[in-house]
Amino acid sequence: MSAENLAYAVVQVVHNFGAAAVVGGALAARWLASADVRRQRQLAWLVLAGWAAQAGSGALFGAISLHFYGQFPDIHGTAVAALRVKVACALAGFVIAALFLRRTDRWGEGARRRAWNLLAALAVVALAAAAFLRWFS
Ligand code: HEM
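Because the structure is predicted, anything quoted here is derived from the model rather than measured.

K.L.:
Help me understand the overall build of the protein in this model?
P.N.:
Across its full length, the protein carries four helices and zero strands. Mapped in sequence order, the helices and strands of the protein form the string α-α-α-α. Its C-alpha atoms give the protein principal-axis dimensions of about 50 × 30 × 20 Å. Sequence separation of 24 or more characterises 81% of the internal contacts of the protein that already satisfy a separation of 6 or more.

Okay, structure coming up:
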């Protein structure tokens, strides 16, 4: 078994579940738990962990490439733009989920709904950008 393939596969497992967490968590909080603030907080922890997992595992993809090839993946144009979109979404998503957890009690229902709308939009955009990164790499 190749160590490189194994490393990529393990990181990809984390990355895939992180993607599922940020997309599914935000959609569930927005549409299935819109009246349940306690459940929304639980989902906010899941989404926060998901964004952290995405940033961490995304960085590990680069680290694996550096380790086995001595350089980061050679990407250009659309792929670089897609990667930037994903990094920006991960940063914004992490900050918004953290703010949600700190300020849940001070935010009214409208603010909470807007936060989940934004988190869902960031997750969907990042997931779409992943397809462009994959096929323009
Ligand atoms: C700091 C943020 C991120 C970085 C640095 C990053 C980096 C990467 C890299 C290097 C790959 C491998 C690309 C390839 O196969 O050529 C990848 C794949 C992927 N990423 Fe990310 N990513 C980030 C965030 C996200 C987010 C937020 C999502 C989804 C919500 C996501 C979803 C995916 C998916 C689904 C794949 C697999 C694509 C495929 O092979 O079809 N990523 N990511």
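K.L.:
Mind showing me how you'd approach the site of the ligand here?
P.N.:
Around the ligand sit 20 residues in total, of which A19, G58, F61, A126 and A130 are the nearest. Broken down by secondary-structure element, the contributors of at least two residues to the shell around the ligand are helix 1 (3–31), helix 2 (37–69), helix 3 (77–103) and helix 4 (109–135). The element best represented in the shell around the ligand is helix 4, accounting for six residues. Across the shell around the ligand, the residue classes break down as 14 nonpolar, four polar and two charged.

K.L.:
Can you help me understand the packing of helix 1 against helix 2 in this one?
P.N.:
The description of two packed helices rests on the angle between their axes and on the distance between the axes. Packing of helix 1 against helix 2 leaves a shortest axis separation of 8 Å and a crossing angle of 155°. By the angle between their directions, the pair helix 1 and helix 2 is classed as roughly antiparallel. The crossing of helix 1 and helix 2 is left-handed. Tallied by class, the residues present in the contact of helix 1 with helix 2 amount to 20 nonpolar, eight polar and one charged.

K.L.:
For this particular structure, what's the right way to read the packing of helix 3 against helix 4?
P.N.:
Contact geometry for helix 3 and helix 4: axes closest at 8 Å, N-to-C directions at 155°. As summarised for this structure, helix 3 and helix 4 are arranged roughly antiparallel, according to the angle between their axes. For helix 3 against helix 4, the interelement crossing comes out left-handed.

K.L.:
What is the right way to look at the environment of A92 in this model?
P.N.:
With respect to the helices, strands and loops of the structure, A92 is situated in helix 3. Owing to 17 C-beta atoms within 10 Å, A92 belongs among the partly exposed residues under this scheme. Each C-alpha atom, one on A92 and one on N16, is 19 Å from the other, the two residues being 76 residues apart in sequence.

K.L.:
Quick question: what am I supposed to make of helix 1 here?
P.N.:
Count 3.6 residues to each turn of an α-helix, and residues three or four apart come out pointing the same way. Helix length check: helix 1, at 29 residues, gives a terminal C-alpha distance of 42 Å against a target of 42 Å (1.5 Å per residue), a fit within 8%. Every buried residue of helix 1 is accounted for by G18, A21, V22, G25, A26 and A29.

K.L.:
Mind showing me how you'd approach the nonpolar core here?
P.N.:
Generally speaking, nonpolar side chains in soluble globular proteins are found buried as a group. Membership of the largest hydrophobic core comes to 26 residues, with the highest contact counts inside it found for A26, V47, W51, A97, L119 and A123. Here the element with the most residues in this core is helix 4; it accounts for nine residues. When neighbours within four sequence positions are excluded, L119 is seen to be in contact with A26, V47, G93, I96 and A97.

K.L.:
Looking at this model, I keep getting lost on helix 2. Mind explaining?
P.N.:
Look at helix 2: 47 Å from first C-alpha to last across 33 residues, which is about the 48 Å you get at 1.5 Å a residue. Among the residues making up helix 2, those that are buried are Q40, L43, A44, V47, L48, G50, W51, Q54 and G58. Residues of helix 2 that are buried make contact with helix 1, helix 3 and helix 4.

K.L.:
In this structure, what is going on with the environment of R38? I would like to understand it.
P.N.:
In this fold, R38 is placed in helix 2. By C-beta crowding, R38 is classed as exposed, having 9 other C-beta atoms within 10 Å. Remark: the alpha-carbon pair of R38 and A92, spanning 54 residues in sequence, is separated by 23 Å.

What counts and what doesn't
Residues numbered from 1 in each chain as written. Predicted model: local features only at pLDDT ≥ 70, side-chain atom pairs only at ≥ 80, totals over all residues. Helix = DSSP H or I, 4+ residues; strand = E, 2+ residues; numbered from the N terminus. Contact = placed C-beta atoms within 7 Å. Near = placed C-beta within 6 Å. Nonpolar A, V, L, I, M, F, W, Y, C, P; charged D, E, K, R; others polar. Axes fitted to C-alpha atoms, helices over the stretch in contact; angles between N-to-C directions. Parallel < 35°, antiparallel > 145°, perpendicular 65-115°, else oblique. Left-handed = near helix turned anticlockwise from the far one by under 90°. Buried ≥ 20, exposed ≤ 12 C-beta atoms within 10 Å, placed from the backbone. Expected span 1.5 Å × (residues − 1). Core = buried A, V, L, I, M, F, W, Y, C linked by C-beta atoms within 7 Å.

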